[in-house]
Structures are given as structure tokens and as C-alpha cells.
Amino acid sequence: MNLELTIQNAVIDAVKALYQTDVTAEQVQIQKTKKEFEGDVTVVIFPFVKMARKSPEATGQEIGEYIQGRQSEISAFNVIKGFLNLSINTSFWIDMLNEIALQPTFGNAGVSENSPMMMIEYSSPNTNKPLHLGHIRNNLLGFSISEIQKANGWKVVKTNIVNDRGIHICKSMLAWKLFGNGETPASSGLKGDHLVGKYYVVFDKAYKAEIKQLMEQGMTEEEAKKNAPLILEAQKMLLAWEQNDAEVRHLWETMNGWVYEGFDATYKQLGVDFDKIYYESETYLEGKSEVERGEKSGAFYRRDDNSVWADLTGDGLDEKLLLRADGTSVYMTQDIGTAKLRYNDFPINKMVYVVGNEQNYHFQVLSILLDKLGFEWGKSLVHFSYGMVELPEGKMKSREGTVVDADDLMEEMIQTARETSEELGKLDGCTEEEKAGIARMVGLGALKYFILKVDPKKNMTFNPKESIDFNGNTGPFIQYTHARIKSVLRKAAEQGINFGTKIENQLAISEKESYLIQLIAQFPAVVKQAGEEFSPALIANYEFELVKEFNQFYHDFSIMREENEALKKFRLQLSASVAQVVKTGMGLLGIEVPERM
RNA sequence: GGUCUGGUAGCUCAGCUGGAUAGAGCAACAGCCUUCUAAGCUGUGGGUCUCGGGUUCGAAUCCCGACCGGAUCACCA
């Protein structure tokens, strides 16, 4: 029972009968009738006026008359300018609501044994400092699109490649060794990742001081940066790490261990997780052999200094280094290796990288290189590219101390939610445990929704003060509506009203109600589109529209005071369906919805 | 400079596969709590959809150009 399809076919038939012209389904544009006009569904009739050789109004009238006589769902129609507005029988809407309410997984296609598999890489942190606001956007987007793809029938493997080796972690290690006095997370009370991050900053400060000193002794800035004792020492450490020096390896394992404990806590609080974690220390040597194979096959070439390059000028790009003259690999080489590794480890049908838009070029190149190496999946890699998070003062700069720390931010959101809830008296009569749970759901809901509602590909501004907002187009507004519906449903259950059964369709329902049903019915299509476009924002904005619409409805009717029992059951059923779609939709965004708040 | 990307209300954003009078939220102002949760609802004010051309019945939406902003073009990852 697809309304759009039915009407589309009816219009095609009408045009053929009336004007002896065949039109395709694409030419029949159908949309929800705008609220200010009468009717439920609108057909745009401009495409047919030439065939009819009549005015838009006359054409609309003719088509309207033709299809009303033949389609029982259509109870009335009107024509305004070139728009044919059709009113649909209330019994049709009630049938539709009945159908929706009987589907336990409405809007979520679910995964089956032979579903295709999608691997989604996200998060991918460095182990030298804690997660910040930019990572939050990455993690939320990665988690959300994973959920959305699952709802669209993909098996999803969430993966994280941890950048656990390299000069950056050596810097933290060195600073800790020199200035740390054996400080540990336990002794300092600091979260592991914060402790390691602290020493990264210590290194940077000391390093800068050395540079300054060397410059005063007459070196240029460039020379000073290369020759400062600290950086030389850090490079020595990296070399020792690569040669498996026992002491360095031990320190590295210890400090990374601290970081992982810290990251785990942050991930847990954010509500994200992974199915498979790759560590760069275990994969960074992959890819070299692939590049060498590519050189033999002629896809890449070797220069006189022994470095290996790919010439992409034919693709409108530059030349790209793949192996240094000393034979070591670069970022791109590693990514070639890990891509191959992943396709060996899992039967992947699609690989998605959730990585910021500053790496657009990198992934464009990666895709071409893999293709040149003969991997049939090379071209099909998806770089899910998202924009930067900026602060009102501009970009986050760690040097200027304007980085918004992920843990601090989440804590602040939860705290504010707690205070606001208490001010409003929402938490009266709750146990301490319930209070904490609600504050957590609301605070994090606000943060997640704020970030996910904006188009991923756009840069966004995050105002830490203003974003702690629970009014308007926010997560808490949606959560609140859910809680209120649940409250009504509880009350109905107490009174023993059974609204879970089929609703009779001899009812007079309002246009607002049929509009709501139409909106609910749209949900699966929204989920599908969100999957195709990798856009949690689509779902977020849909949820807001639905909830806003419901709130208006809610204020127009007193469900529990309704005396017509059949109508009361219908409205309860409608409310329950809205709550269901809210819960499912918010779930796709990784946002929990409380039963009460 | 090359490539990519964005420019919609004072602010944050929807709308962009062309359709009706361009929508929300925030902020401002005015109303609504003896009725299922007021984190709500209703109303008012606020727009040269950056600018200029083109395509057509119709353009915020598509095309071309200009202007402004961001990213990137590393033997960093």
C-alpha cells in the first residue's frame, strides 16, 4: 500500500487517457501538501499543461476529476495555480497507522546472514594527547553512520587504527623520562591520556626554549629546530624503538597503556565502540612490498636517489612519494598496506574512512594508487569527509590553549543538565542513581545532537557557552517529547486502555493528525536516504520536524480527557508511534532517550 | 597559482535530484501553567538567499563568471 506509487500511476493513466501522451514516473512530482493549503498530497501539474494545451488550473481540474473518480483513497481535491491538492480518506491514514504500529522494527531493515559487509574506520587517535572536540565530531559521525548503515541492512565492522608509534609519542616519553619523576596516573590522580598529554606539552615548552636559546647563539630558526638537543634525543629514541630496544619498548608500552585506559573511559562516556582495533605499530611495515610490486609492474617508478614515486599527472594530480630514498615508508604507503590487510582480514564489500576534510587529497590519491595496484575495490573506497569544528574565536589551537578537551566538555554538559533539571524540579522524587542517569542522557544528548544536526561536510562553529542549550532544536527537546509521550502511555496503561490493537477506521481525524501519520510513514525513506548520503543530519532534522509537529498536536488535544474511546485509542496509538520513531531515530544518532525526565 | 569546498534573518543552521508567499531554533517583544510534564505552546518584528549573467512556464536550488572565506598542493601522520 504505497500511496505515492498509487497516485503516480493514477496520474500517468489520467494524462494518457485525457491527452493521449505517455509520461514517465519521474515527470509526476508528488509532495506533501504544504500546511497552509487544504489537502494531504500534492501533484505538480505544470509538466502536463503543454500536453493539455490548457491553463494550469483547467489541467489540474481535469486530472483531479479523472483520478478522484477512479481512486477510492481520494476523498476530495482542489487546484491552486499549478498544484493539484488531494485529500486522502481518513480510513486510508488509519490503515497506514495500523500497519506501522504492527511493525516492531519500523524504519530499521536490520541485518541478515547474507547481508553485505561495510567496514567503517573512525576515531583513529594519536596516543600522545587526549581527545578533543574535533575527535568528538569524528567519533559521533563514525558511530552514527555505522548504526545507520546497520539499519539499512549492512553488516558493519567498526574499526579504529591507533596511531601508537612515531616521533610524537617519543616526545611525550622523553619528557616524562627527563622531568616526570616517575609520575603515574595513580600517583597523580590524572587520567592516563591527560598525563601523557601533559608531558607532550612539557616537551614542547622545553623544546621551544632550546630553539630560542640556539637562535640567540646565531642559528637560524630552521637550524635550531633541527639541532635542538631534545629533538635529537627524541629521534634517537624513535630509532631505538624501531630497533626493539628493551627499555624504550617497555616505557612505550607503559605509557601507551595509560593512554588506552584514558581513551577507553572517554569512548565509554561518549557511547562509541569498535569491533576491531588496528595498531599502527603492527601495520606500519605493511605496504612496502605492495609498492615494490607496483614498481615492478610499472605502475610506479624509482628515481636515481632510490626513492619510489607514483606519477599521477595523468589523473590531474601531482607526483607522490611512496618510499623514501632510505627505503622507509610514508603515510600513504602504510595506508596502502592497511587497506590490503583489512580486505584480507574481512570479507568487506565497502570500506569507509571517517576522516576530516583536510585529508581529501590523501584519499583521492589512495584510491587511485590502489586501483593502479590492481585491487578491484580501490576505486570504491569511500572517504567520508567532514568539516572542521571551529570555536567562535576561530580554530582550535593547542599552542594557544583554545583546545576544548573531550572529557571536560562532556563533564560540563552533564553538570549543566543536572543543574537545569534540578532548577526545573524535574528530578524531584528520583533516586540519586536515576538523577545521574537522566543528567547524563540529557547532557550528552544535547552535545551529540548539536554536533550531528549539522551537515557533516560543512565546517561548524561550536560555542561552548551557547551550545549548552536545552531549548529549541536540541537533543533534550526531542528527549523531552519522548518522555512526555511515555508518561501519557503509562497513564493509559494504568487505566487499562489497550491501544496496542488495531484501530477502527470509522473516525473523523484532523488534517494535523493525517499530516503526522504521513510524517511518520516517511521515516524509513529518511533512514534510507541518510544511509546513501552518510548523513546523520538528515535524521536529526527529521526528528526535530516530527517532534515539533507532535508538540503542536499535543497542545491541541487532551488525549486522556478525550471522551470518544475510539478516538482516544487512535491518539494513543499515534503518540506511541511517534515515540517509537523518536527512539529508533535517536538510536541511530547514538542518543539515548529517557523514559521520564 | 592549481585542485576541492562553502557564502541563506543579528547569531547557529534547514531547504539545494528546479515548483506555491524562502523555513526553524537562539536572541528581542507580547500572551498561555486548577487540565496527560511550561526543557512546552501561540503571536509580533526581522531576508537584495554574496554579486552579475544564462537556461525555462518557474531558480536559493542547475550552468558560466566575479567577489569573499576555508582546506589542500610535505621525504609529518
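Residues numbered from 1 in each chain as written. Chains lettered and ligands numbered in written order. Predicted model: local features only at pLDDT ≥ 70, side-chain atom pairs only at ≥ 80, totals over all residues. Heavy atoms only, no water.

A. Fine view of the overall build of chain A. On a plain count of helices and strands, chain A comes out with 22 helices and 14 strands. A principal-axis box enclosing the C-alpha atoms of chain A has dimensions of 90 × 65 × 45 Å. Put simply, chain A has 597 residues, and 51% of those count as buried. Taking as baseline every contact in chain A between residues at least 6 positions apart, the subset at least 24 positions apart corresponds to 74%. Within the structure as shown, chain A displays about 28000 Å² of accessible surface, and the carbon and sulfur contribution to it stands at 49%. (Helix = DSSP H or I, 4+ residues; strand = E, 2+ residues; numbered from the N terminus. Buried < 20%, exposed > 50% of the residue type's maximum accessible area, 1.4 Å probe, protein only. Contact = heavy atoms within 4.5 Å. Areas by Shrake-Rupley, 256 points an atom, 1.4 Å probe, with all protein chains shown as cover.)

B. Summary view of the sheet that holds strand 1 (residues 30–32). In space, the four strands of this open sheet follow the order 1-2-4-3, with antiparallel pairing throughout. Of all the strands in the sheet, the pair left with one neighbour each is strand 1 and strand 3 (74–80). Strand-to-strand twist across the sheet, computed as the mean angle between neighbouring axes with direction ignored, equals 25°. Sheet analysis places strand 3 next to strand 4 (residues 83–88), joined by six bridges and oriented antiparallel. (Pairing = 2+ DSSP bridges. Axes fitted to C-alpha atoms, helices over the stretch in contact; angles between N-to-C directions.)

C. Focus on the packing of helix 6 (residues 167–179) against helix 10 (residues 229–242). Relative orientation of the contacting elements helix 6 and helix 10 amounts to 110°, with a least axis distance of 9 Å. Looking at the two axes, helix 6 sits roughly perpendicular to helix 10. The hand of the helix 6/helix 10 crossing is right-handed. Here I167, C170, K171, M173, L174, K177 and L178 of helix 6 come into contact with helix 10, specifically with L230, I231, E233, A234, Q235, M237 and L238. (Parallel < 35°, antiparallel > 145°, perpendicular 65-115°, else oblique. Left-handed = near helix turned anticlockwise from the far one by under 90°.)

D. Just the protein's contact with RNA strand B, in detail. Near RNA strand B you find 60 residues, and of these F83, N163, K395, K426 and R561 are the closest. The contact atoms of RNA strand B, taken as those within 4 Å of the protein, divide so that sugar and phosphate hold 60%. For the surface near RNA strand B, the element with the most residues is helix 18 (residues 475–494), which contributes seven residues. Tallied by class, the residues present in the surface near RNA strand B amount to 23 nonpolar, 18 polar and 19 charged. (Near = heavy atom within 4 Å. Nonpolar A, V, L, I, M, F, W, Y, C, P; charged D, E, K, R; others polar.)

E. Highlighting helix 15 (residues 360–372). In this model helix 15 runs 19 Å from its N-terminal to its C-terminal C-alpha over 13 residues, within 8% of the 18 Å that 1.5 Å per residue would give. Looking at the packing, one finds that the buried side of helix 15 touches strand 9 (308–311), strand 10 (319–323), helix 14 (331–345), strand 11 (350–356) and strand 12 (382–386). (Expected span 1.5 Å × (residues − 1).)

F. Representation of the packing of aromatic side chains within the structure. Going through the model one piece at a time under the given rule, you end up with 21 aromatic pairs. Ring plane angle 35° and centroid distance 4.7 Å describe the contact between Y122 and F274, whose orientation is recorded as tilted. One end of the pair, Y122, is in the loop between strand 5 (117–121) and helix 5 (133–151); the other, F274, is in the loop between helix 11 (246–270) and strand 7 (276–279), and 152 residues separate them in sequence. The class of Y122 is buried, set by a relative accessible area of 0%. Of the residues examined, F274 reaches a relative accessible area of 17% and is grouped as buried. (Phe/Tyr/Trp six-rings, centres within 6.5 Å; stacked < 30°, edge-to-face > 60°.)

G. Here's a closer look at the pattern of salt bridges. The final tally for this structure, using the stated rule, is 30 salt bridges. One salt bridge in this structure joins E280 and R165, with 3.1 Å as the shortest N-O distance. In this pair, E280 sits in helix 12 (residues 280–283) while R165 sits in the loop between strand 6 (155–162) and helix 6, placing the two residues 115 residues apart along the sequence. Comparing E280 with R165, the two get one shared label, buried. With a closest N to O distance of 3.2 Å, E432 and R418 form a salt bridge. Within this pair, whereas E432 is found in helix 17 (residues 432–452), its partner R418 is found in helix 16 (residues 406–423), the two being separated by 14 residues in sequence. According to the relative accessible area criterion, R418 is buried, its value standing at 18%. It is possible to trace a salt-bridge network through shared partners that takes in R165, E242 and E280. (Salt bridge = Lys/Arg side-chain N within 4 Å of Asp/Glu carboxyl O.)

H. Main features of the nonpolar core. I7, V43, I67, L133, L546 and F570 are the most contacted members of the largest nonpolar core, which has 154 residues in total. The element contributing the most residues to this core is helix 22 (residues 565–588), with twelve residues. (Core = buried A, V, L, I, M, F, W, Y, C linked by side-chain atoms within 4.5 Å.)

I. Quick peek at the side chain of S367. When you line up the elements, S367 lands in helix 15. Residue classification places S367 among the buried residues on the basis of a relative accessible area of 10%. Sequence-distant contacts of S367, defined by excluding residues within four places in its chain, comprise G378, K379 and L381.

J. Helix 20 (residues 523–533), seen in detail. Taken together, the buried positions of helix 20 are F523, V526, V527, A530 and G531. Within helix 20, the buried residues cover an arc of 135° as seen down the axis, which keeps them to one side. A positive phi of about 50° marks F534, the residue just after helix 20. (Arc of directions from axis to C-beta.)

K. Representation of the sheet that holds strand 5 in the model. Within the open sheet, the five strands sit side by side as 7-6-5-11-12. Their pairing is parallel. Whereas interior strands pair on both sides, the edge strands pair on one side only; in this sheet they are strand 7 and strand 12. Each strand axis lies, on average, 25° off the axis of its neighbour in the sheet, ignoring direction. The strands touched by helix 14 are strand 5, strand 6, strand 7 and strand 11; relative to strand 11, the strand with the most contacts, the crossing angle is about 140°.

L. Here's a closer look at the pairing of strand 2 (residues 41–44). Side chains V41 and V43 of strand 2 all project onto a buried face; the interleaved residues T42 and V44 project onto the opposite face, where all are buried too. The pairing of strand 1 with strand 2 spans three bridges and is classified as antiparallel. Along strand 2, the bridge assignment pairs I30 with V43. Relative to strand 4, strand 2 runs antiparallel, the two sharing four bridges. Residue pairing in the sheet places T42 in a bridge with N85 of strand 4.

None of the figures reported here should be taken as evidence of function without further support.
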